[in-house]
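# Overview (structure and organization)
Residue strings, one per chain:
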Amino acid sequence: MGGNSPCASCKLLRRRCATDCIFAPYFPPDDPKSFAIVHKVFGASNVSKMLQELPIYQRADAVSSLVYEANARMKDPVYGCVGAISYLQKQVSELQMQLAVAQSEILCIQMQQAPSVVLPSQIELSEGKSLLLPTTGHNYDYLQHYLNFTSSGSVIQDPLNRESLWT
Amino acid sequence: MNSTRCAACKYLRKKCPPDCIFSPLFPASDPQRFAHIHRIYGAGNIARMLQKLPAHLRAQAAESLSFEARCRIEDPVYGCVKIISQLQQEIFMAQSQLAKTLAQFQVFCNSLSIADPQFQHAAEASSSFIDQGPRSNHL
C-alpha cells in the first residue's frame, strides 16, 4: 500500500502515491522491475484503465499475466508470447506423435501374438484408448496462422506461478 | 501525404505521412486491428517497439501484437497467457500418458520375452525407448 513508501509505479512515475493508488497492491516498492517492464510495453495509463475495468479480486491475476506478457515481449520483441505458444504447440504435437508410435508398437506386437496369449495390460490398452490426446477444447484455429513462426522458446516459464514472476 | 490514410492515422485523426511507420502494417481496410492494438498498447508504444525492429520483421511483430491485443480484449484477466497455461497442462498430461504407455510397453515386452525369446529384441528396444523418454522441453 502507499503508506510512507510509494509503490513501485509511483516511484517510477515520480508522483505522490495516494492511499487509493490502483497500482500499490500489485507493484510493491521492493520490486521495481515488474512495473518498469509493464510500463514499457503497455504504458501506465493503459494498465490503469485495464485494472479499473476489472473487479478487485481479478486484478492480481491480471497484473501477473501482464507482467508475463511484457517479459515475453522484452525477451522476444518480434513474437512475444505468440512465439511461446507456437513452441508449446509443437511440443504437444511431438508428444502426441511419440505416444502414437508407442501405442502402435504395442498394437503391432499384439497382432503378432497368438490369440490365446492375452495379458491384462493389453486389454487395458486396447479398450477405448485414442491415439490422440484430448484437447482442452480451446479454439486454436486462429493460431494456425502463427505456427510457422520460430522462437527460441526462452520466454517460457510457468505463467501464473506468481512466485516465479515476482523473482 | 498518402491519398488514403492508413488505419492508424485515420483512427488518430492525423495526416498520414509517406514514411508513416504504421502505413505498411495497418491498412485502412482493417480499422479494427489497429483499434485493438491501440487500446491495449497505445500507438506511441507500438511505434516505439516497431522502430526498434528491422523493417523486415515489423510485419510479424505487428501480427503477434495484434493477436495478443485481441486475446487481452477477449480475456482481460489472462489474455493469451491462458493459452500458454493450457498448453503447458496438455504437455504435462501428454508426458504422463507417454510415460505410462512406455512403462506398460516394457512390462508387456518383458513378459513376452520370458514367454518367447524372439521378443527379447522388442523388450530391449522398449527399454532404450523408455531411457530416451519424452523429450525434455524448455518449460
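In this text, all values refer to a predicted model and were calculated from it rather than measured experimentally.

Within chain A, the regular secondary structure consists of 7 helices and 0 strands. The 167 residues of chain A split such that 46% are buried. Excluding contacts between residues fewer than 6 apart, the proportion of contacts in chain A whose partners are at least 24 apart in sequence is 62%. Summed over all atoms, the accessible surface of chain A reaches about 8900 Å², with 56% contributed by carbon and sulfur.

The full count for this structure, using the stated rule, is 3 salt bridges over all chains. Among the ionic pairs, B:Glu68 bridges to A:Arg73, the shortest N-O distance being 3.0 Å. Of this pair, B:Glu68 sits in helix H4 (residues 55-74) while A:Arg73 is found in helix H4 (residues 56-75), placing the two residues in two different chains. With respect to class, B:Glu68 is no different from A:Arg73; both count as buried. Here B:Glu63 and B:Arg33 are joined by a salt bridge, their closest N and O atoms 3.3 Å apart. Of this pair, B:Glu63 sits in helix H4 while B:Arg33 is found in helix H2 (residues 31-40), placing the two residues 30 residues apart along the sequence. Using a relative accessible area of 24% as the deciding quantity, one classes B:Glu63 as partly exposed. Relative accessible area serves as the criterion here: at 13%, B:Arg33 is assigned to the buried category.

Under the feature "domain: LOB" (unreviewed entry), the UniProt entry names residues 4-105 of chain B. As a span, residues 4-105 of chain B carries 69% helix and 0% strand, and end to end its C-alpha atoms are 65 Å apart.

Between its first and last C-alpha, H4(B) extends 29 Å over 20 residues, near the 28 Å set by a 1.5 Å rise per residue. Turning to H4(B), its buried residues number three or more, namely B:Ala61, B:Ala62, B:Ser64, B:Leu65, B:Ser66, B:Phe67, B:Glu68, B:Ala69, B:Cys71 and B:Arg72.

The phi dihedral of A:Arg14 is positive, around 55°, even though this residue is not glycine. Exposure remark for A:Arg14: the relative accessible area of 78% places this residue in the exposed category.

Right, let's get into the packing of aromatic side chains. The final tally for this structure, using the stated rule, is 8 aromatic pairs over all chains. An angle of 10° between the planes, with centres 5.2 Å apart, marks the rings of A:Phe42 and B:Tyr41 as stacked. You can see A:Phe42 sitting in the loop between helix H2 (32-41) and helix H3 (44-52) and its partner B:Tyr41 sitting in the loop between H2 and helix H3 (43-51), one on each of two chains. Classification of B:Tyr41 as buried rests on a relative accessible area of 1%.

Further remarks concern H2(B). Taken together, the buried positions of H2(B) are occupied by B:Arg33, B:Phe34, B:Ala35, B:Ile37 and B:Ile40. Residues of H2(B) that are buried make contact with H3 of chain A together with helix H1 (7-12), H3 and H4 of chain B. Phi for B:Gly42, located one or two positions after H2(B), is positive at around 90°.

The contact between H4(A) and H4(B) brings their axes to 13 Å, and the two run at 175°. Regarding the angle of H4(A) to H4(B), the classification is roughly antiparallel. Listed contacts from H4(B) to A:Ala62, A:Ser65, A:Leu66, A:Glu69 and A:Arg73 of H4(A) are B:Ala61, B:Ser64, B:Leu65, B:Glu68 and B:Arg72. Considered class by class, the residues forming the contact of H4(A) with H4(B) number 4 nonpolar, 2 polar and 4 charged.

Criteria and thresholds
- Residues numbered from 1 in each chain as written.
- Chains lettered and ligands numbered in written order.
- Predicted model: local features only at pLDDT ≥ 70, side-chain atom pairs only at ≥ 80, totals over all residues.
- Heavy atoms only, no water.
- Helix = DSSP H or I, 4+ residues; strand = E, 2+ residues; numbered from the N terminus.
- Buried < 20%, exposed > 50% of the residue type's maximum accessible area, 1.4 Å probe, protein only.
- Contact = heavy atoms within 4.5 Å.
- Areas by Shrake-Rupley, 256 points an atom, 1.4 Å probe, with all protein chains shown as cover.
- Salt bridge = Lys/Arg side-chain N within 4 Å of Asp/Glu carboxyl O.
- UniProt positions renumbered as here; feature names shortened; annotations may be inferred.
- Expected span 1.5 Å × (residues − 1).
- Phe/Tyr/Trp six-rings, centres within 6.5 Å; stacked < 30°, edge-to-face > 60°.
- Axes fitted to C-alpha atoms, helices over the stretch in contact; angles between N-to-C directions.
- Parallel < 35°, antiparallel > 145°, perpendicular 65-115°, else oblique.
- Nonpolar A, V, L, I, M, F, W, Y, C, P; charged D, E, K, R; others polar.

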